[in-house]
Amino acid sequence: MIVPALDEAATIGDVVRGLACDHPFEVIVVDNGSRDRTVDVARAAGARVVAEPARGYGAACLAGIAALSDTVRVVAFIDGDLSDDPSELPRLVDPVLDGDVDLVIGSRTQGTAEPGSLTSTQVFGNRLACTLMRWFFGARYTDLGPFRAIDRAALDRIAMRDRTWGWTVEMQVRAKRLGLRTREVPVVYRCRREGRSKISGSIVGSAKAGWKIITTILRERLRPAR
């Protein structure tokens, strides 16, 4: 379980403690340069903490992947702000462990999103990205939700590289191009428990994230298929 975190001291403990699964698992919290007590709280909750001072959502996820042991079969990702419900982890992990699919994405649009949890900019950007993926790749996704689980061998084949906001869409596009089996499951999505989103909390942040997502899709469109 990889949890990218930046100044999430108020929620990271609840995220780590709330994660549950019938199979042995480890929680890796990747500290992306926090200035609060995120590291101490995460460790106290039982997580292994990895430092990635270079800012970026994708950079944090890549650092978490680099810290995985060779015995890991499934890798899951969840944000550290408690927007996703960590108790829903089995719904994403079990289909991968059972061998039914390679990638499971928690869909906020198919699930229950609290009022205000997704801004109008996020909703529009989500629809645009999913539309572009359908046009260019024939990929039928409804969301770019960060809560997801993927088979370790499939993750290695995808060869993720994006270090910022293009991370989720890069994974989904490459999964489609590789012919991986994907599934979306509805999940609960809640308003942030504390503070403001690093991306959707400002117009500039939303614009940068949106532009990065679109350019990632276009880059993948131009990239030769493997």
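Up top is the structure these notes are about.
Just so we're clear, the structure is a prediction, and the values are computed from it rather than from any experiment. (Residues numbered from 1 in each chain as written. Predicted model: local features only at pLDDT ≥ 70, side-chain atom pairs only at ≥ 80, totals over all residues. Heavy atoms only, no water.)

**Brief notes about helix α7 (residues 167–177)**
Next, step 1: Within α7, nine of the eleven residues are buried, which leaves it mostly tucked inside the rest of the structure.
Next, step 2: By the burial criterion, the buried members of α7 are Trp-167, Thr-168, Val-169, Glu-170, Met-171, Gln-172, Val-173, Arg-174 and Ala-175.
Next, step 3: In the segment just after α7, Gly-179 is the residue with positive phi, at about 75°. (Buried < 20%, exposed > 50% of the residue type's maximum accessible area, 1.4 Å probe, protein only. Helix = DSSP H or I, 4+ residues; strand = E, 2+ residues; numbered from the N terminus.)

**Overview of the pairing of strand β6 (residues 148–151)**
Next, step 1: By the bridge criterion, four bridges tie strand β4 (residues 74–77) to β6 in an arrangement that is antiparallel. Of the residues in β6, the one forming a bridge with Ala-76 is Ala-149.
Next, step 2: When strand β5 (residues 103–113) meets β6, the two strands line up antiparallel, connected through three bridges. Bridge pairing links Ile-105 to Arg-148 in β6. (Pairing = 2+ DSSP bridges.)

**Topic: helix α5 (residues 120–137)**
Next, step 1: If you check α5, its first and last C-alpha atoms are 25 Å apart, about what 18 residues at 1.5 Å a residue would give, namely 26 Å.
Next, step 2: By the burial criterion, the buried members of α5 are Asn-126, Ala-129, Cys-130, Leu-132, Met-133 and Phe-137. The arc that holds every buried residue of α5, seen down its axis, measures 160°, which confines them to one face. With respect to the buried face of α5, the exposed residues turned more than 90 degrees away are Ser-120, Phe-124, Arg-127 and Trp-135.
Next, step 3: Of the residues one or two after α5, Gly-138 is the one with positive phi, at around 70°. (Expected span 1.5 Å × (residues − 1). Arc of directions from axis to C-beta.)

**So, the side chain of Ser-34**
Next, step 1: Here Ser-34 lies in the loop between β2 (28–31) and α2 (38–44).
Next, step 2: Within the structure, Ser-34 has its side chain in polar contact with the backbone nitrogen of Asp-7 (distance 2.7 Å).
Next, step 3: A distance of 2.5 Å separates a polar atom in the side chain of Ser-34 from a polar atom in the side chain of Asp-31.
Next, step 4: Not counting residues up to four positions away in its chain, the partners in contact with Ser-34 are Ala-5, Leu-6 and Asp-7. (Polar contact = N/O pair within 3.5 Å; in protein donor to acceptor, adjacent residues only side chain to side chain. Contact = heavy atoms within 4.5 Å.)

**Here's the deal with the side chain of Asp-143**
Next, step 1: Tracing the backbone through its elements, the reader meets Asp-143 in the loop between α5 and β6.
Next, step 2: For Asp-143, a relative accessible area of 0% translates into the label buried.
Next, step 3: Reaching out from Asp-143, the side chain makes a polar contact with the backbone nitrogen of Arg-108 at a distance of 2.7 Å.
Next, step 4: Not counting the four nearest positions on each side in its chain, Asp-143 is found in contact with Ile-105, Gly-106, Ser-107, Arg-108, Thr-109, Asn-126, Cys-130, Gln-172 and Glu-184.

**A closer look at unusual backbone geometry**
Next, step 1: Even without being a glycine, Asp-7 presents a positive backbone phi close to 55°.
Next, step 2: The topology assignment puts Asp-7 in the loop between β1 (2–5) and α1 (12–18).
Next, step 3: A relative accessible area of 27% places Asp-7 in the partly exposed class.
Next, step 4: In the Ramachandran plot, Leu-82 falls in the positive-phi region, its phi being about 70° despite a non-glycine side chain.
Next, step 5: Looking at the secondary structure, you find Leu-82 in the loop between β4 and α4 (89–97).

**Some details on the pattern of salt bridges**
Next, step 1: A full pass over the atoms with the stated rule returns 14 salt bridges.
Next, step 2: Residue Arg-152 pairs with Asp-156 through a salt bridge whose shortest N-O separation is 3.8 Å. Taken as a pair, Arg-152 and Asp-156 lie in helix α6 (residues 152–158) at a separation of four residues, close to a single helical turn.
Next, step 3: A salt bridge links Lys-212 to Asp-162; the nearest nitrogen and oxygen atoms lie 3.0 Å apart. Residue Lys-212 is located in helix α8 (residues 203–222), and its partner Asp-162 is located in the loop between α6 and α7; the two are separated by 50 residues in the primary sequence.
Next, step 4: In this structure Lys-212 comes out as partly exposed when scored by relative accessible area, which is 22%.
Next, step 5: Classification of Asp-162 as buried rests on a relative accessible area of 2%.
Next, step 6: Salt bridges sharing common partners tie together Asp-162, Glu-170, Arg-174, Lys-212, Arg-219, Glu-220 and Arg-223. (Salt bridge = Lys/Arg side-chain N within 4 Å of Asp/Glu carboxyl O.)

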